[in-house]
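If you want the building blocks of each chain, they are given just below.
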Amino acid sequence: MTGSAASPITSVLFYIFALMAVASAVLMVTRRNIIHSAVFLITTLLATAGIFLQLEAEFLFVVQIILYVGGIMVLFVFVIMLVNLDVSLHLIQFNRQKYVAGVLAFVLTAQLLIAFWVGRSSLNLGDARAMDPKNTEAVGQALFQRYMLPFEIASILLLVAMIGAVVMAKRRV
Amino acid sequence: MNHLIPPSILPYVLPVLYGVVIVAVLPLLAGYIVLLERKVMADMQARLGPMRVGPHGLLQPIADALKLLIKEDIIPVKADLFLFWCAPVLSVTMALLAYAAIPFGPAFQIADLNVGLLFILAISSLGIYGIVLGGWASNSHYSLLGALRSAAQLVSYETAAGLALVSALMLAGSLSMKDIVQAQYDQGVWFIFVVPVGFFIYLVGSIAETNRAPFDLPEAESELVAGYMTEYSGFRWALYFLGEYANMVVVASIATTLFLGGWLRPFARYQDHLFGTSVELLDILPTILFLGVAVYSFWLAPKQPVKIQKIVMALVGGLCLVLAVGMAGALFAPDAVRMGVHGAFWFLAKVFTYIYAFLWIRFTFPRYRFDQLMRLGWHFLIPLALVNVVVVGTTIVLQQNWDWRHPMLTAIVTTAIMLGVAAFLGREDKQHQAAVEAPEP
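Note that the structure is a prediction, hence the values are computed from the model and not measured.

A. Here's a closer look at the overall build of chain A. Counting its secondary structure elements, chain A contains seven helices and zero strands. The order of helices and strands in chain A, counted from the N terminus, is α-α-α-α-α-α-α. Here chain A holds 173 residues, and 20% of them are scored as buried. The contacts in chain A between residues at least 6 apart in sequence include a share of 61% that link residues at least 24 apart. Carbon together with sulfur atoms contributes 74% to the accessible area of chain A, which is approximately 12900 Å² in total.

B. Quick look at the pattern of salt bridges. Residue and element names in this part refer to chain B. Taken as a whole and judged by the stated rule, the model has five salt bridges over all chains. Across the pair Asp64 and Arg38 runs a salt bridge whose closest N-O atoms are separated by 3.9 Å. A residue pair is termed long-range when its members are at least 10 positions apart, and Asp64 in helix α2 (residues 60-69) and Arg38 in helix α1 (residues 10-44) qualify at 26 residues. Judged by its relative accessible area of 24%, Asp64 falls in the partly exposed class. Between Asp73 and Arg236 there is a salt bridge, with the nearest N and O atoms lying 2.8 Å from each other. Here Arg236 lies in helix α11 (residues 234-259) and Asp73 lies in the loop between α2 and α3 (81-97), a separation of 163 residues in the sequence. For Arg236, a relative accessible area of 15% translates into the label buried. Through salt bridges with shared partners, one network takes in Glu37, Arg212, Glu244 and Arg362.

C. Inspection of the environment of Ile128 of chain B at higher detail. Assignment of secondary structure puts Ile128 of chain B in helix α5 (residues 128-137). In sequence terms Ile128 of chain B and Ser91 of chain B are 37 residues apart; their C-alpha atoms lie 7.3 Å from each other. When neighbours within four sequence positions are excluded, Ile128 of chain B is seen to be in contact with Val74 of chain A together with Ser150, Ala151 and Leu154 of chain B.

D. How the structure looks around the interface of chain B and chain A. Taken together, the 25 residues of chain B in the interface contact 27 residues of chain A. Carbon and sulfur atoms supply 77% of the area buried between chain B and chain A, which totals about 2300 Å² over both sides. Among the residues chain B hides against chain A, the three largest losses belong to Asn114, Tyr129 and Trp136 of chain B. Together they make up 26% of the total. Linking chain B with chain A are zero salt bridges, by the criterion used here. Linking chain B with chain A are two residue pairs in polar contact (both at pLDDT 80 or more), by the criterion used here. Of all the secondary-structure elements, those providing two or more residues to the side of chain B that touches chain A are α1, α4 (116-126), α5 and α6 (141-172) of chain B.

E. Just the nonpolar core, in detail. Residue and element names in this part refer to chain B. By size, the foremost hydrophobic cluster in this structure holds 123 residues, and its most contacted members are Tyr99, Ile120, Tyr129, Tyr202, Leu258, Phe259 and Leu384. Beyond its immediate sequence surroundings of up to four residues, Leu258 is in contact with Leu117, Leu165, Ala168, Leu169, Ile180, Gln184 and Phe191. With five residues, the next largest nonpolar core counts Phe290, Ala324, Met327 and Phe345 among its residues.

F. The arrangement of the domain arrangement of chain B in detail. Residue and element names in this part refer to chain B. Segmentation of chain B into domains returns domain 1 (1-70) and domain 2 (77-270 + 360-389). Here domain 1 and domain 2 have C-alpha centroids that lie 20 Å from each other. Counting residues at the interface gives 14 residues for domain 1, matched by 21 residues for domain 2. Across the domain 1/domain 2 interface, buried area totals approximately 1700 Å², and carbon plus sulfur atoms make up 85% of it. Ranking the residues of domain 1 by area buried against domain 2 places Tyr18, Glu37 and Leu68 at the top, with a combined share of 32%. Between the two partners, domain 1 and domain 2, sit two salt bridges. For Arg212, the salt bridge is made with Glu37, and the minimal N-O distance between the two is 2.7 Å. The tally of links between domain 1 and domain 2 comes to three residue pairs in polar contact (both at pLDDT 80 or more). Mapped by element, the contributors of at least two residues to the side of domain 1 that touches domain 2 are α1 and α2.

G. The arrangement of α6 of chain B in detail. Residue and element names in this part refer to chain B. Between the first and last C-alpha of α6 there are 46 Å, a value that for 32 residues agrees with the 46 Å anticipated at 1.5 Å per step. Its side-chain oxygen 3.4 Å from the backbone nitrogen of Tyr142, Ser140 forms the N-cap of α6. Looking one or two residues past α6, Gly173 carries a phi angle of roughly 75°, positive in sign.

H. Representation of the environment of Arg32 of chain A within the structure. Residues and elements named next belong to chain A. Relative to the elements of secondary structure, Arg32 occurs in the loop between α1 (8-30) and α2 (34-54). You can call Arg32 partly exposed: its relative accessible area is 46%. In this structure, the C-alpha to C-alpha distance between Arg32 and Val63, residues 31 residues apart in sequence, is 30 Å.

I. Representation of the domain arrangement of chain A. Partitioning chain A into domains gives domain 1 (7-86) and domain 2 (134-173). Averaged C-alpha coordinates put domain 1 of chain A and domain 2 of chain A at centres separated by 24 Å.

J. Spatial organisation of unusual backbone geometry. All names here are of chain B. One non-glycine residue, Asn139, adopts positive backbone phi at about 60°. Here Asn139 lies in the loop between α5 and α6. Even without being glycine, Asn211 reaches a positive phi, approximately 60°. Within the fold, Asn211 resides in the loop between α9 (196-209) and α10 (221-224). According to the relative accessible area criterion, Asn211 is buried, its value standing at 5%.

K. Structural view of the confidence of the model for chain A. Residues and elements named next belong to chain A. Considering every residue of chain A, the mean pLDDT works out to 81; 80% of them sit at 70 or more. Model confidence for chain A, summarised as mean pLDDT per element, is weakest for helix α4 (residues 85-90) at 65 and strongest for helix α5 (residues 98-118) at 91. Note that residues 1-5 has pLDDT below 50 and, in this model, nine contacts with residues that lie over four places away or in other chains.

L. View of the packing of helix α12 (residues 285-300) of chain B against helix α13 (residues 307-332) of chain B. Residue and element names in this part refer to chain B. With their axes 8 Å apart at the nearest point, α12 and α13 run at an angle of 165° to one another. With respect to α13, the axis of α12 lies roughly antiparallel. In this structure, α12 meets α13 at a crossing whose hand is left-handed. Residues Pro286, Thr287, Phe290, Leu291, Val293, Ala294, Ser297, Phe298 and Leu300 of α12 lie in contact with α13, whose contacting residues are Met313, Ala314, Val316, Gly317, Gly318, Cys320, Leu321, Leu323, Ala324, Met327 and Ala328. Considered class by class, the residues forming the contact of α12 with α13 number 16 nonpolar, four polar and no charged.

M. Region of interest: the packing of aromatic side chains. All names here are of chain B. In this structure the tally under the stated criterion is 20 aromatic pairs over all chains. Ring geometry for Phe290 and Phe345: centres 5.6 Å apart, planes at 65°, overall edge-to-face. Of the two residues, Phe290 sits in helix α12 while Phe345 sits in helix α14 (residues 335-362), which places them 55 residues apart along the sequence. The exposure class of Phe345 is buried, given its relative accessible area of 14%. Taken together, the aromatic side chains of Phe199, Tyr202, Phe259, Tyr354 and Phe358 make up a single cluster linked through ring pairs.

Here is what the cut-offs are and how they apply
Residues numbered from 1 in each chain as written. Chains lettered and ligands numbered in written order. Predicted model: local features only at pLDDT ≥ 70, side-chain atom pairs only at ≥ 80, totals over all residues. Heavy atoms only, no water. Helix = DSSP H or I, 4+ residues; strand = E, 2+ residues; numbered from the N terminus. Buried < 20%, exposed > 50% of the residue type's maximum accessible area, 1.4 Å probe, protein only. Contact = heavy atoms within 4.5 Å. Areas by Shrake-Rupley, 256 points an atom, 1.4 Å probe, with all protein chains shown as cover. Salt bridge = Lys/Arg side-chain N within 4 Å of Asp/Glu carboxyl O. Buried area = accessible area lost by both parts, 1.4 Å probe. Polar contact = N/O pair within 3.5 Å; in protein donor to acceptor, adjacent residues only side chain to side chain. Core = buried A, V, L, I, M, F, W, Y, C linked by side-chain atoms within 4.5 Å. Domains from an automatic or database assignment. Expected span 1.5 Å × (residues − 1). pLDDT = per-residue confidence, 0-100. Axes fitted to C-alpha atoms, helices over the stretch in contact; angles between N-to-C directions. Parallel < 35°, antiparallel > 145°, perpendicular 65-115°, else oblique. Left-handed = near helix turned anticlockwise from the far one by under 90°. Nonpolar A, V, L, I, M, F, W, Y, C, P; charged D, E, K, R; others polar. Phe/Tyr/Trp six-rings, centres within 6.5 Å; stacked < 30°, edge-to-face > 60°.

See the structure below:
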């Protein structure tokens, strides 16, 4: 690794990725066509992956792309293509409850601000560069030694969900 | 050179140079793989193949590229313009981006990432969006069906191919492409000889991932006209083709690095110096090969029917002669240059051998039906790959604990077990299919 985390290139990259992520998240909500929404969700996920990379968390970057962009979003797009798009084009996208939405947004913002204020002492972020370049091995060791039990519990949970989905699909055939 | 470039950008010079070389050379390479494909197909069907443009059709790819560039660009009226424009570009970009982590030689690599292999897999899995979005944006039933088939096929076979790679990864103990090749040098064996079943699963999975026959259902011409690229023409169509062939080179490079020893020459640890010089005996193989091709081209040159073809054939011979001289010259160069040139030669030789296997399979097997494709993936390849991971992992641990050092023993034991599992899976599948297809009583 040649560039240090504090170099100007890194912060410029961060702002590019952050802007991309926020802009495509907004576009994803406002597009009328679901396929376009899916494409903007993909760019949001890719920009987030870029931020992981910029933090030198290479493993997270790659896993984000393989799992979310390469796996889950392909299935999303697959399902969207199977449904009838014309129906969704004529649905009303936004309802008119402006005032309720405004109050809810205000409450949520206030909650977030209070949370930040209460926890402000922990906001002092350390040096993000103090990471071993071989962090893939570290992730593996943490998962399979220290957090073995939670890892296995999560695996069994996913397996149960998968078998449940298969059973539900089979009953209808 | 170090005096000319300021030190702050020095580390970026070589990677940028390599990147420019790869992006410039790859379209040409893809064109010549198309020619190779047509020639191999012709050979297997006892025909001559393209013969008109240049001697033995050697200039055909350039003529094709020119033709595609100046063709009319047709966009369907009801197409989704933005995505229709985006999709082929996406397909090519993702294929080219994957080259960033491929080691063509010990030094010829743009970036040696700690997660190199995962990076290549991640980027090449994004190429699917080129196909899916292009198929949807065309607003045509054939295109949409091709895109849907492609998405289902890719998700199914990526799993099997990824699991097959795990078996080689466990042997190497690293995700960095460079370290994987180094591990094969240190252990003195290419991983194809230790985990042949993993290589076989990856071979099948990679054919399906690149949408090539017998798994080319997304573009099955007898059912879907041309699948996802039915509505594409001219240069956009050429971009799809470029993406497909670039992807072929990517999967071939992954297989070469993980299973076929990357840039290592055959018998990399065997050292015998030629006539007391510093030249190693096996390092003269590339020189001999290029000399042979050069002599053959010169011998063919006077036999060409037209004068211009005679000249071009002689030029081909001259090119091979230059390459032979370069290969021989590299033997006496400093170690880094010698390793770089010869490494690149062996790497590309293995990549093309793998691609030749692709072509060979394409012209040998008939296309699968879609349900057969899914059954092969889910009922046979994925279970086989899962068992393979467990068997290989167990053998590696046993090896470490029992001081059981010889890799060939691992190979024989794991392969025997895996063949048994494959036979069992095959029989199960056959019985299951017989039960499904049996007439109702």
